[in-house]
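# Remarks on the overall topology
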Amino acid sequence: MSTVKLTVNGKAVSVDVEDRTLLVHLLRDHLNLTGTHVGCDTSQCGACVVHIDGRAVKSCTMLAGQADGANVTTIEGLAKGDELHPMQAAFRDNHGLQCGYCTPGMIMSAVDIVHRHGGQLDEATVRHELEGNICRCTGYHNIVKAVLDAAGRMKVAQAAE
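Within any chain, residue numbers begin from 1 and follow the written order of that chain's sequence. Reporting in this predicted model follows two pLDDT cut-offs: at least 70 for local features of residues, and 80 or more for side-chain atom pairs to be given and counted; totals over whole chains, interfaces and linings ignore these cut-offs and use all residues. Derived side-chain values reflect all non-hydrogen atoms in the structure, with water molecules and hydrogen atoms excluded from consideration.

Pairing between strands is defined by DSSP: at least two bridges between them are needed. Each helix is a run of H or I in the DSSP string that is no shorter than four residues. Each strand is a run of E no shorter than two, and both are numbered from the N terminus. If you trace the five strands from one edge of the open sheet to the other, you get β2-β1-β5-β3-β4, paired in mixed fashion. Edge strands, defined here as strands with exactly one partner in the open sheet, are β2 (11-17) and β4 (55-58). Strand-to-strand twist in this sheet, taken as the mean axis angle between neighbours without regard to direction, amounts to 40°. Alignment of strand β3 (residues 49-52) against β4, held across four bridges, turns out to be antiparallel. Bridge pairing links Ile-52 to Arg-55 in β4. Two residues qualify as a contact provided that any one of their heavy atoms is within 4.5 Å of a heavy atom in the partner residue. Fitting a line to C-alpha atoms yields each axis, with helices limited to the stretch in contact; the angle taken between N-to-C directions then spans 0 to 180 degrees. The sheet contacts of helix α1 (residues 23-30) involve β1 (2-8), β2, β3 and β5 (71-73), and relative to β2 the element is tilted by about 105°. Those strands touched by helix α3 (residues 103-117) are β3, β4 and β5, and its axis lies near 45° from that of β3.

This is the structure in structure tokens:
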């Protein structure tokens, strides 16, 4: 057993876990943050994407101990109270989901994409960047629309700050 101390969605936490515990299981099983999904357990689908120190990471590929001292943001930590993050709102407004299973990971990946590319996003870039996230329902058309819409919304939100 090891004690893992990290900040999750702005709150300091300390959790005793077995050394073999994956970050996704620490989040889901120990912190009850079930928005991060376990899809494939092989890092292929992207349903488990969270942000670690501001970068998108597939949490099924990382031991909880590797996140010791890190700042972790899950899908539950994106919204500010009742106000959705611009990416969440864009997914809703552009019908960027169907069953919703991949949606948290898609949104977390998409926020990272916008942060890395800023205003230099086009459809081809978004499609290329989302290759590590699998959706079996939508065909990606509305997901891409949502990411491009949110990129504009996030730029406006940053300017307002």
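Right, picking up where we left off after that structure.
A word on helix α2 (residues 86-93). The rule is simple: take the accessible area with a 1.4 Å probe, protein chains only, and divide by the maximum for that residue type; under 20% is buried, over 50% is exposed, in between is partly exposed. Those residues of α2 lying buried are Met-87, Gln-88, Ala-89, Ala-90 and Phe-91. After α2 finishes, the residue His-95 shows a positive phi value of roughly 55°.

The next point concerns the pairing of β1. Across seven bridges, the pairing between β1 and β2 is antiparallel. Among the inter-strand pairings, Ser-2 is bridged to a residue of β2, identified as Val-17. Hairpin remark: β1 followed by β2, antiparallel, with two residues in the connecting loop; positive phi at Asn-9, about 55°. Strand direction decides the pairing type here: β1 and β5, joined by two bridges, are parallel. Bridge pairing links Thr-7 to Asn-71 in β5.

Examined against the element boundaries, His-85 turns out to sit in the loop between β5 and α2. According to the relative accessible area criterion, His-85 is buried, its value standing at 14%. Polar contacts, as counted here, are pairs of nitrogen or oxygen atoms within 3.5 Å of one another; within protein the pair requires one atom able to donate a hydrogen and one able to accept it, and residues that are adjacent in sequence qualify only if both atoms are side-chain atoms. Reaching out from His-85, the side chain makes a polar contact with the backbone nitrogen of Met-87 at a distance of 2.9 Å. For His-85, the residues in contact, after removing those within four places along its chain, are Leu-78, Ala-79, Val-111 and Met-154.

Another aspect to go through is the environment of Ser-59. Looking at the element boundaries, Ser-59 is found in the loop between β4 and β5. The class of Ser-59 is buried, set by a relative accessible area of 0%. Linking Ser-59 and His-25, residues 34 residues apart in sequence, is a C-alpha distance of 8.5 Å. Residues within four places of Ser-59 in sequence aside, it is in contact with Leu-22, Leu-23, Val-24, Thr-36, Cys-48 and Val-50.

It is worth spelling out α3 at this point. Helix length check: α3, at 15 residues, gives a terminal C-alpha distance of 20 Å against a target of 21 Å (1.5 Å per residue), a fit within 8%. In terms of residue burial, α3 counts as a mostly covered element, since twelve of its 15 residues are buried. Every buried residue of α3 is accounted for by Thr-103, Pro-104, Gly-105, Met-106, Ile-107, Met-108, Ser-109, Ala-110, Val-111, Asp-112, Ile-113 and Val-114. Two residues or fewer past α3, Gly-118 is found with a positive phi of approximately 55°. Expected helix span is computed as 1.5 Å times (number of residues minus one).

Grid spacing is 1 Å over the protein atoms alone, the probe is 1.4 Å, and a cavity is where that probe fits but cannot get out, while a pocket is an open set with protein on both sides within 12 Å along at least five of seven lines and lining residues have an atom within 4 Å of a point. Grid points are joined across faces, edges and corners, and a volume is the space filled by probe spheres set on the points. Tallying each qualifying case throughout the model produces one cavity of 30 Å³ or more. The volume enclosed by the largest cavity comes to roughly 30 Å³. Taken together, Gly-96, Leu-97, Gln-98, Cys-99, Gly-100, Tyr-101, Cys-102, Thr-103, Cys-135, Cys-137, Thr-138 and Ile-143 make up the full set of residues lining the largest cavity. The residue classification treats Ala, Val, Leu, Ile, Met, Phe, Trp, Tyr, Cys and Pro as nonpolar and Asp, Glu, Lys and Arg as charged. All others, Gly included, are polar. Broken down by class, the residue content of the lining of the largest cavity amounts to seven nonpolar, five polar and no charged.

Coordinates in, geometry out; function isn't part of it.
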